[in-house]
Amino acid sequence: MNAMTSEEESINYISRLSLLLLNDGTDVIRWFLNEHVPANPNLEILTFKQVVAQNQTLLQQMRDGIDGRQFINDEIFDIVLHGDESNLDISTLFTLIRFICKIKRPLWKWWDQVPQHHHQSPLYDVIRLVRFKEEMKNLVSTLHMTSETFQQQWKMLTDLLDRLNGYKLSLRCWIDDVMKSHDVSITCHNLIQVMRWQTMTLTKRNKIYLREKKTLFHQHRDLSEADLDALYSRFGQKRSFLKTFQNVPKPTTCIDEVSSSNNNKKKIEMNIGLDSLAHHADAEATFKSRWTGIFLKELFGEGRDDGDELTKMDAETRNLILQSVQRSNDSVFFSENAYSLEHELELKLREKYLTNYNQIKLLVTNPPTHIPMSNVRVKLARVNFLPPPSENKPDIPDFLLTDENLDLTSMILSPLTFWWRAFEENKINRILLSASSSFGKTTLLHKICHAWANKSLPQLRHIRYVIYLDGGLMADDRPYMRICDHVLQQGYFSPRSSGNVKITAETLERVFEKEDGGNCLFLIDNLEQIPTLNQSDDVIAVLRGEKWSRAHIVVTTCSIMTSSTLLNQSDQIGNHCAVSRRLGAKLRTFYDVTRWSLFLVNGFDGDDVIMNARDLGAAGSWEEVVGDLRKFATDCCVESTQTPLMTYLMTSLFRSFRIGGGGGGGRELPTRLSDAMNEFHGKIYSNKKNDADHNFISDVLTRVLNGEYGRSYPKHERTFMTSQMLERGIIKSCGGGGGERVKFEHFLFEDYLASVVASVEGEAKLKELLQDHVISLDDVARMRYFLLFCSTHYPQSIINEVISLINDDEDDDDCEEVLKENARHLCFRCVTESRCETEALSELLHPATSAQDLHHRADGRVLHLPDASRLSYATQRALYDVTQRWNPSITSRGLPRLVWGRCWIRELRIGTCLGKQLPFIGSLIRELSGLEVAEVNSVRHASQCHLESFCHELRCTNATGINLHKLRLKFEAENSSVTSLTCLDKTCREQLIYLDELDIDLSSLPLLRSLIDPETSTEAILPVTKLKVAGFNMNDEDLDNLTRSLHRFTFIVELDLSETILNDRLVEMVEYFPLFRNLQILNLSRTCLLNPSSIALCRSLVHPNIYQTLRVLKLRNNQLCNTRVIRRLVEAVKPLNELVELELSGNVIGDELGCLLLKNLEDKKNLQVLKLQMTELGHSSLFAAKYHLRENTRLHTLDLGSNFFGSSVLEFLKVFHPIPARHHTKSYKGGLSNLKNLNLSGLNENVHNEITTDQIDHFVNSISAQGKIETLSLLFTRLSKKADLLNMLSACERHPSLNKIRLTKEFTPMPPSSSCWTRLELC
């Protein structure tokens, strides 16, 4: 056998690569296409012909051109419509994957790039295979390849095919086989011809195809299916010329659907700090020592006997009363005289308060919880208002105004370090306390009573009588007209004789009248529940100061401040700044001459009671248990507020799971609030009910729907249900000594019972109730937990009703926006609470559509969180649950499949968040397998630790990485302590392998150094879109590192090197500019460019990768004066067809080159801003601008100031005039029709422009012909006559859009008063 020549050996090598690529390569890409074709709603994969039929319009757009680029020609279009996949070549299959499968957006930048070495996924291997085929074009043209190159290329290609599950032993053995010379010449010729065809441009291929197609149709008018098959087999893949072997894919494990993969996916627990939602005031840290071990024993019952403990508590109470009596040195209780009525009244009150209010009893916990009142800490904040801007200040306090004339932004919250500072000495205290239900208003009044009874509060020592009245019980009493009647009715004193005195209402009247009520403190709880509040009521007289004018009064209401409205004014207080829409008129009835102080009750803190509860979890884990309990209980009441009641309830439930075996001895908490309520209530409501039970539950439902929380209910001893609720501690007795009425222990119990009643009659009845009572977003906020519990029965009805209110509300003020946001949060919680399908939220989220994704899939949704810092713990948990369950179908390659008729979350947009929430956001991004865009527009108080935790949460166990395309992360520079982005750089390489846009502000030099430091940086591309280093004062080492790192920023959009001294260093930098694929903004202002740098810049501007994308070029104040350099720069501007803004101010261009520059800008139809200030332009340049820029309809800013135009300055304004047709010339409309800002100023006092009298008439006519101009600058422009100035200003005053004309004071004759000419600005 004769040895082959070097040319024959090269052909042999190229043919072997071509055959392997055309057979195996085409097969693996076809398999990849078939694995990712869309599916129908039943997850049934569509056939290729079905997919083509659904995308015929898109295929036509791909043929005609998308954004000026043609992706297929007529040849490919016909072959694809024919529906035979075997005729499709590698490039066509790749294009269909890009547009038809929609696994990535069509404009994803990596489609056209060479993947990096760390990009290890099947999709990147497909891209590598296509890039390999494109490189074959040079080989089949030159027919030259060495043995070493062949070995390298063969190994690279076979490795790609192996990773894509393609193999063919009969072809792989070609690497060792030696073919005969005759066979080589025939086989290789066909292979090389096919490869040359497939690497040919679409235009050349199209010409050959259309010529043959036209000939065939001319010869045969009616072509059969066989004729078409024969035609298409000669094009595309050229199947008729290429005899291939039969190829089958490797068997793979199918993990196609998300339903199967997500069920087995390991649940990753959110890593949210314990302080994520628990807001503690720093001033209250001093109270930590007061929570001792006795309360742990009382809470958990460790080693105690209930009977002994209660006996001990009674003994302590008696001793405290005795000590209080013995401490009295002013004969309050005993005197040398006879026992008096006043002494008995005070003694009875103190004894009652010390006995009844010495502790908080929670019978619903197991065992019952007793919290000593002395250790309850109440959080208060004073509410102040800024003075209204109007001079007509109303004669009523600001917090009583109606919503129509109240500015919520004027409300300021001032937290109090100690609650008793609300009382001021030597002053009549009139205090209004406001909060939502179960926030601690009643607890605070009980604490005031207890503090007064044991004389522990100096501010109340001058008070002799403290009277606590429950407004709810006052509403249920007979309509007495005197407060003293209510006092007796509520059981403070029995109307019996004491000594020689009988205690009656008249007796109490005489006692309270002493000192005009100055020794009395009235505590009126739940004022809004008193229905008989009118002008003739005795209560009104006391509140208005008409009776007992010196009496001290504290009133509570849950209607002025509610948690539903929601402007976050203070991180320490939370989201409470709303004024009631119902109680304002009622409160105005008692406001007269007395000034009331308004306070917000923000919960009573009891979390520290369980801080040492080590029996709640295993060693080392009890702190996590406590953290979970605190966060769960915090949200169960109201967001951003702390109340210990639900903490105790959850703790009791948790202990019952562990001790009773319900939790299997492990750490478990109820994942849903309704589960916790079910555990507390058991089967109370499922038993048979009598008429009394039906009346009770109907009354509960009515009051909840009307927002009447906290009211007492009649007690029926024979009712089984109420007896069980009393026994379980769900309701408690209240009222007079007989305990004839009951109240719910917590408003959640009331909401839960109402939801059970509303849901038991069916979905249709529930919808009627919702339509009648839930008519606004205020109602949604007020009844959020009622709706939440109802969603466990009928989730779709609840979610649809809330969404309809969100969409119908057209108000855009801040208060309504927060209401909408909270309603959206409720919808997420309803999905988690009910465990319904996440598709129920489809109407809540907006479609994810944008201009650059015009041809992308339309099944994506946007999850928008305007202010993530307001997210409660339960809402965060609900979002985490939704993101785990709401994902697209995932193919075996780990990519999202398009399923017609289904949607998924494709974009996550967060307006504002705290730094400590970054780990939570990272967990959302990780769980959303189909997420493509994640934007966080503002991160406040971020630290380096927060950023590292965020990157840690992005760790993904999926081998294909996270599908994120764009990540925006904006840190607020003034309160951020992030110093390094190394961890983010590493995350982009290892996890975010599909990322092509990283929008992050490099706000400091340390952040920039972390990316360009040669010791930490790598060669991998970092998809940063903005590199703005203006004013960083970089040293030579920084500039060297930046220059060597520019090749990593391939996808950069904006490069800002202004205010940086570059000198000749730009020569090295511009060598990397052609690597930039999408550079749109280049700012080199004030960089002290020297001539070599300027020449190098001009060479880079004419590179195709630059002039095809560059839109903004700024070279301001570089003092370029070399004529040769300026000419090169002017010529370099010519090919910049996409130019939008050009700024060359501060460079010596001159009049001649200025004319050439303006000529080169004539065809720049997208030009909007042109700044040529102080460039030594003259008359010729002014006329050139008038001529060449006339047809530009987008130019809105033209700055030709600080140049000398002499008396020709106003000649430019004639460009606004239309030009009529004359002889053989056509007519023109007025030029620069959209110009808004025009600067034609002179240079200085010595080199200035002039306006003559003859030009004033032209100015008046010209300026009136341009209807959109807003600013006209004519600084250093002399006017000779005052009449000319008046005519000019009169024309400007009459102009419909002109807002400002700027003139120099020294160059205008006797300028008129500025008050007469509103649009004149003298400088």
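Residues numbered from 1 in each chain as written. Predicted model: local features only at pLDDT ≥ 70, side-chain atom pairs only at ≥ 80, totals over all residues. Heavy atoms only, no water.

Visitor: Please set out the overall build of the protein residue by residue, giving values where relevant.
Guide: When its secondary structure is counted, the protein shows 46 helices and 35 strands. Looking at the 1323 residues of the protein, the share that counts as buried comes to 57%. For the protein, long-range pairs separated by at least 24 residues make up 79% of all intrachain contacts whose partners lie at least 6 apart in sequence. Working note: accessible area of the protein is about 55,900 Å², and carbon and sulfur atoms make up 49% of it. (Helix = DSSP H or I, 4+ residues; strand = E, 2+ residues; numbered from the N terminus. Buried < 20%, exposed > 50% of the residue type's maximum accessible area, 1.4 Å probe, protein only. Contact = heavy atoms within 4.5 Å. Areas by Shrake-Rupley, 256 points an atom, 1.4 Å probe, with all protein chains shown as cover.)

Visitor: Go over the packing of aromatic side chains, please, and point to the residues and values.
Guide: This structure, assessed with the given rule, holds 24 aromatic pairs. Ring geometry for Phe512 versus Phe522: centroids 5.7 Å apart, planes at 85 degrees, classification edge-to-face. Taken together, the positions of Phe512 in helix α19 (residues 505–513) and Phe522 in strand β9 (residues 520–525) put the pair ten residues apart, joining distant regions of the chain. Using a relative accessible area of 1% as the deciding quantity, one classes Phe512 as buried. One aromatic cluster is present, formed by Phe94, Trp108, Trp110, Trp111, Tyr124, Tyr994 and Phe1051 through successive ring pairs. Above the face of the Phe77 ring, Arg63 is positioned so that its terminal group lies 4.3 Å from the ring centre. Seen from the ring of Tyr713, Arg703 lies directly overhead, with NZ or CZ sitting 4.2 Å from the centre. (Phe/Tyr/Trp six-rings, centres within 6.5 Å; stacked < 30°, edge-to-face > 60°. Lys NZ or Arg CZ within 6 Å of the ring centre and 35° of its normal.)

Visitor: Quick rundown of helix α7 (residues 147–163)? Include the residues and the values.
Guide: The end-to-end C-alpha distance of α7 is 24 Å, a good match for the 24 Å that 17 residues give at a rise of 1.5 Å each. Along α7, the residues classified as buried are Phe150, Gln153, Trp154, Leu157, Thr158, Leu160 and Leu161. Taken down its axis, α7 places every buried residue within 155 degrees of arc, on the same side. Of the exposed residues in α7, those oriented more than 90 degrees away from the buried face are Glu148, Gln152 and Lys155. Where α7 terminates, the next one or two residues include Asn165, which has phi positive at roughly 65 degrees. (Expected span 1.5 Å × (residues − 1). Arc of directions from axis to C-beta.)

Visitor: Can you lay out the sheet that holds strand β30 (residues 1237–1239) for me, pointing to particular residues and giving the numbers?
Guide: Across the sheet, which stays open at both edges, the eleven strands sit in the order β23-β24-β25-β26-β27-β28-β29-β30-β32-β34-β35 with parallel pairing between neighbours. Every other strand in the sheet has two partners, leaving β23 (1026–1028) and β35 (1320–1322) as the edge strands with one partner each. Between one strand axis and the next, the sheet turns by 10 degrees as a mean value, whatever way the strands run. Two strands pair when backbone bridges link them, and strand β28 (residues 1169–1171) and strand β29 (residues 1197–1199) are joined in this way by three bridges, in the parallel orientation. Across the sheet, residue Leu1170 finds its bridge partner in β29, namely Leu1198. Against the sheet, helix α46 (residues 1282–1294) contacts β32 (1271–1274), β34 (1300–1303) and β35, and its axis sits at roughly 155 degrees relative to β34. (Pairing = 2+ DSSP bridges. Axes fitted to C-alpha atoms, helices over the stretch in contact; angles between N-to-C directions.)

Visitor: I'd like a description of the pattern of salt bridges, backed by residues and values.
Guide: The full count for this structure, using the stated rule, is 54 salt bridges. A salt bridge links Asp112 to Arg98, with the shortest nitrogen-to-oxygen separation between them at 3.1 Å. With a gap of 14 residues between them, Asp112 in the loop between α5 (90–101) and α6 (122–142) and Arg98 in helix α5 connect regions that are remote in the sequence. We classify Asp112 as partly exposed; its relative accessible area is 35%. On the basis of relative accessibility, which here comes to 5%, the residue Arg98 falls in the buried class. For Lys970, the salt bridge identified is with Asp1001, shortest N-O distance 3.1 Å. Taken together, the residues Lys970 in strand β21 (residues 966–971) and Asp1001 in the loop between β22 (997–1000) and α37 (1005–1012) connect sequence positions 31 residues apart. A relative accessible area of 31% means that Asp1001 is categorised as partly exposed. Sharing partners across several salt bridges, the network here consists of Glu935, Lys966, Arg968, Lys970, Asp999 and Asp1001. (Salt bridge = Lys/Arg side-chain N within 4 Å of Asp/Glu carboxyl O.)

Visitor: Give me the lowdown on a nonpolar patch on the surface, citing residues and values where you can.
Guide: On the surface, Met1174, Phe1204, Leu1243 and Val1247 cluster together into a nonpolar patch covering about 320 Å² of accessible area. Relative to the assigned elements, Met1174 resides in the loop between β28 and α44 (1179–1188). (Patch = residues over 30% accessible without salt bridge, like charges linked within 9 Å, V, L, I, M, F, W, Y side chains within 5 Å.)

Visitor: Residue-level account of the sheet that holds strand β20 (residues 933–940), with values.
Guide: Ordered by their spatial adjacency, six strands build an open sheet running β15-β16-β19-β20-β21-β22, and the pairing between neighbours is mixed. Across the chains shown, the open sheet's two edge strands, defined by having one partner strand only, are β15 (846–847) and β22. Its contacts with the sheet put helix α34 (residues 918–927) on β19 (904–914), β20 and β21, and the angle it makes with β19 is roughly 175 degrees.

Visitor: Break down the state of the cysteines for me, with residues and values.
Guide: Inspection of the entire model under this criterion finds zero disulfides. With no disulfide of its own, Cys520 lies closest to Cys484 among cysteine sulfurs, the gap being 8.9 Å. (Disulfide = S-S within 2.5 Å.)

Visitor: Account for the side chain of Ser1202, naming residues and giving values.
Guide: Relative to the assigned elements, Ser1202 resides in the loop between β29 and β30. Not counting residues up to four positions away in its chain, the partners in contact with Ser1202 are Gln1173, Met1174, Ser1241, Gly1242 and Leu1243.

Visitor: Residues and numbers for the packing of α34 against helix α35 (residues 944–953), please.
Guide: Look at α34 against α35: their axes get within 8 Å of each other, and the N-to-C directions meet at 20 degrees. By the angle class used here, α34 and α35 are roughly parallel. Regarding α34 and α35, the two cross each other, and that crossing is right-handed. Counting all contacts with α34, which are made through Leu918, Pro919, Ile921, Gly922, Ser923, Ile925 and Arg926, the residues of α35 involved are His946, Leu947, Ser949, Phe950 and Glu953. Here the residues of the contact of α34 with α35 are counted per class, giving six nonpolar, four polar and two charged. (Parallel < 35°, antiparallel > 145°, perpendicular 65-115°, else oblique. Left-handed = near helix turned anticlockwise from the far one by under 90°. Nonpolar A, V, L, I, M, F, W, Y, C, P; charged D, E, K, R; others polar.)

Visitor: An account of helix α24 (residues 673–681) is needed here, citing residue identities and associated values.
Guide: Along α24, the residues that are buried comprise Leu673, Ser674, Ala676, Met677, Phe680 and His681. Buried residues in α24, looked at end-on, bunch into an arc of 155 degrees, giving them a common side.

Visitor: Go over the pairing of strand β14 (residues 741–744), please, and point to the residues and values.
Guide: The alternating pattern of β14 places Arg741 and Lys743 on one face and Val742 and Phe744 on the opposite face, and all of these are buried. Where strand β12 (residues 713–714) lies against β14, two bridges are found, and the strand directions are antiparallel. From the neighbouring strand, Pro714 faces β14, where its bridge partner is Arg741. As paired elements, strand β13 (residues 731–734) and β14 share four bridges and run antiparallel to each other. Residue pairing for β14: Cys734 is matched across the bridge by Arg741.

Visitor: Outline the confidence of the model for the protein, listing residues and values.
Guide: Looking at the protein, pLDDT values average 76 and 74% of them are 70 or higher. Counting contacts from residues 324–339, a segment whose pLDDT is below 50, to residues more than four positions away or on other chains yields 25 contacts. (pLDDT = per-residue confidence, 0-100.)

Visitor: Give me the lowdown on the pairing of β19, citing residues and values where you can.
Guide: β19 sits mainly inside the fold: nine of its eleven residues count as buried. Examined bridge by bridge, β19 and β20 share six bridges and lie parallel to one another. Following the sheet pairing, Glu907 is matched in β20 by Val933. As a crossover connection, the stretch from β19 through α34 into β20 is right-handed. (Right-handed = clockwise from strand over helix to strand, strands pointing away.)

Visitor: Which residues make up the side chain of Lys441, and what values go with them?
Guide: On the secondary structure map, Lys441 appears in helix α16 (residues 441–453). The buried charged residue Lys441 lacks any salt bridge partner; its closest oppositely charged side chain belongs to Asp525, at an N-O distance of 6.2 Å. Not counting chain neighbours up to four residues away, the residues in contact with Lys441 comprise Leu433, Ser434, Ala435, Ser436, Thr556, Thr557, Cys558 and Val601. (Lys, Arg positive; Asp, Glu negative; His and termini not counted.)

Visitor: I'd love a proper account of unusual backbone geometry, names of residues and values included.
Guide: In the Ramachandran plot, Glu515 falls in the positive-phi region, its phi being about 60 degrees despite a non-glycine side chain. Residue placement: Glu515 occurs in the loop between α19 and β9. Even without a glycine there, the phi angle at Asn1063 is positive, about 55 degrees. In this fold, Asn1063 is placed in the loop between β24 (1054–1056) and α39 (1066–1069).

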